[in-house]
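# Observations on the model geometry
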Amino acid sequence: MNDYEAKKQQILDALWFRHATKEFDPERKISDEDFHFILETGRLSPSSIGLEPWKFIIVQNQELRAKLAEVSWGAKKQLETASHFIVLLARRNVRYDSEYMKYMYTQVKGMREEVYQKVPVIYKAFQESDLHLLDNERTLLDWSSKQTYIPLANMMTAAAQIGIDSCPIEGFNLDQVHAILDGEGLLEGGNMEVSVMAAFGYRLAEPKRPKSRLPLEDIVQWVD
């Protein structure tokens, strides 16, 4: 097997290794270096029109974890045992005419002000007519929330490639988690909303069942 084939096999092996870990070994902790690597794969993830409408809250405080566990039925064991626990936030109001849009293009991407003047015109049509993102506040927030699943997937895959387990989590009461994090001042005064959670660490036990997926031919249709 040449290096090219070996790299492809390493990625597939990591995806077969990864599973939704329900309980982690509480005695094993991810090193700072390895967790920084995982976070960096999230930071480098793509997003629609490059807005990066996310923030990663790393919850290591045990008291805060306990509060979240009370309202997160799908994360109780993970919050108790995971080495690292992330709440991925989605940014609100990423409209074509928002200050955040302008900040991303002029300050982060370095676009000149006179060039940027054309950007809101282009993306107004994209948000308003093409994808109907401005129909109401929820449609725009849902669009931001969908973006957070890209770094989530990249972080879980990257973790698996270095032998670290993970679990994506949606089993929580959104309003109650929102209230807890807002009370801790973690939602930037209402500019951010809870999207999804993820736990990282090392599995306590091997999965009881092998990974199962639909056959490729059931989910792929070629249009030649």
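Check the entry above for the structure.
An account of the accompanying structure is given in this report.

The rules we used
- The numbering scheme is per chain: residues are counted from 1 as the chain's sequence reads.
- With the structure being a predicted model, the display of local features is reserved for residues of pLDDT at least 70 and the display and counting of side-chain atom pairs for 80 or more, all residues being used for whole-chain, interface and lining totals.
- In computing side-chain values, all of the structure's heavy atoms are included and hydrogens and water are not.
- Here, the term nonpolar core denotes a set of buried Ala, Val, Leu, Ile, Met, Phe, Trp, Tyr and Cys residues that are joined through side-chain atoms within 4.5 Å.
- Using a 1.4 Å probe on the protein chains alone, a residue whose accessible area is under 20% of its type maximum counts as buried, one over 50% counts as exposed, and one in between counts as partly exposed.
- Counting from the N terminus, the helices are the DSSP runs of H or I reaching at least four residues and the strands are the DSSP runs of E reaching at least two.
- Axes here mean lines fitted to C-alpha atoms, for a helix over just the part in contact, with angles spanning 0 to 180 degrees between N-to-C directions.
- An angle below 35 degrees is treated as roughly parallel, one above 145 as roughly antiparallel, one from 65 to 115 as roughly perpendicular, and anything else as oblique.
- For any helix crossing, the convention is left-handed if the near helix is rotated counterclockwise from the far helix by under a right angle, and right-handed if that rotation is clockwise.
- Pairs of residues are marked as contacts when any of their non-hydrogen atoms sit within 4.5 Å.
- The classification used treats Ala, Val, Leu, Ile, Met, Phe, Trp, Tyr, Cys and Pro as nonpolar, Asp, Glu, Lys and Arg as charged, and all other residues, Gly among them, as polar.
- Polar contact is the term for a pair of N or O atoms within 3.5 Å; when the atoms are in protein, one must be able to donate a hydrogen and the other to accept it, and sequence-neighboring residues count only if both atoms are side-chain atoms.
- Paired strands, as defined in this entry, are two strands with at least two bridges between them according to DSSP.
- Aromatic rings from Phe, Tyr and Trp, with only the six-membered ring used for Trp, were paired whenever their centres fell within 6.5 Å, and each pair was classed as stacked if the ring planes differed by under 30 degrees, edge-to-face if by over 60, and tilted otherwise.

Attention now moves to the nonpolar core. Among the nonpolar cores identified, the biggest contains 24 residues, and L68, F85, V87, L89, V177 and L181 are the most heavily contacted of them. Looking at this core element by element, the count peaks at four residues for strand β4 (residues 192-201). Among the nonpolar cores identified, the runner-up in size contains 16 residues, and F35, W54, L88 and V196 belong to it.

Between helix α3 (residues 62-70) and helix α9 (residues 174-183), whose axes approach to 9 Å, the crossing angle comes to 160°. In terms of orientation, α3 and α9 fall into the roughly antiparallel class. For the element pair α3 and α9, the recorded crossing hand is right-handed. For the pair formed by α3 and α9, the contact residues are L64, K67 and L68 on the first element and V177, I180 and L181 on the second. Along the lines of polarity and charge, the residues of the contact of α3 with α9 split into five nonpolar, no polar and one charged.

It is worth spelling out the side chain of D165 at this point. By secondary structure assignment, the location of D165 is in strand β3 (residues 165-169). Owing to a relative accessible area of 2%, D165 belongs among the buried residues under this scheme. A polar contact of 2.6 Å, which involves the side chain of D165, links it to the side chain of R203. The residues touching D165, leaving out its near neighbours within four places in the chain, are F17, H19, T21, F24, A199, F200, G201, Y202 and R203.

The antiparallel open sheet is built from four strands, whose spatial order is β1-β2-β4-β3. If you trace the sheet from one side to the other, it starts and ends with β1 (54-58) and β3, each paired once. Neighbour to neighbour, the strand axes of the sheet diverge by 25° on average, direction disregarded. Two strands pair when backbone bridges link them, and β3 and β4 are joined in this way by five bridges, in the antiparallel orientation. Directly across from I169, in β4, lies its bridge partner M197.

Now for the packing of aromatic side chains. For the structure shown, the criterion picks out six aromatic pairs. Ring centres of Y123 and F126 lie 6.1 Å apart, and the angle between their planes is 70°; on these two criteria the pair is classed as edge-to-face. With a gap of three residues between them, Y123 and F126 both fall in helix α7 (residues 119-130), about one helical turn apart.

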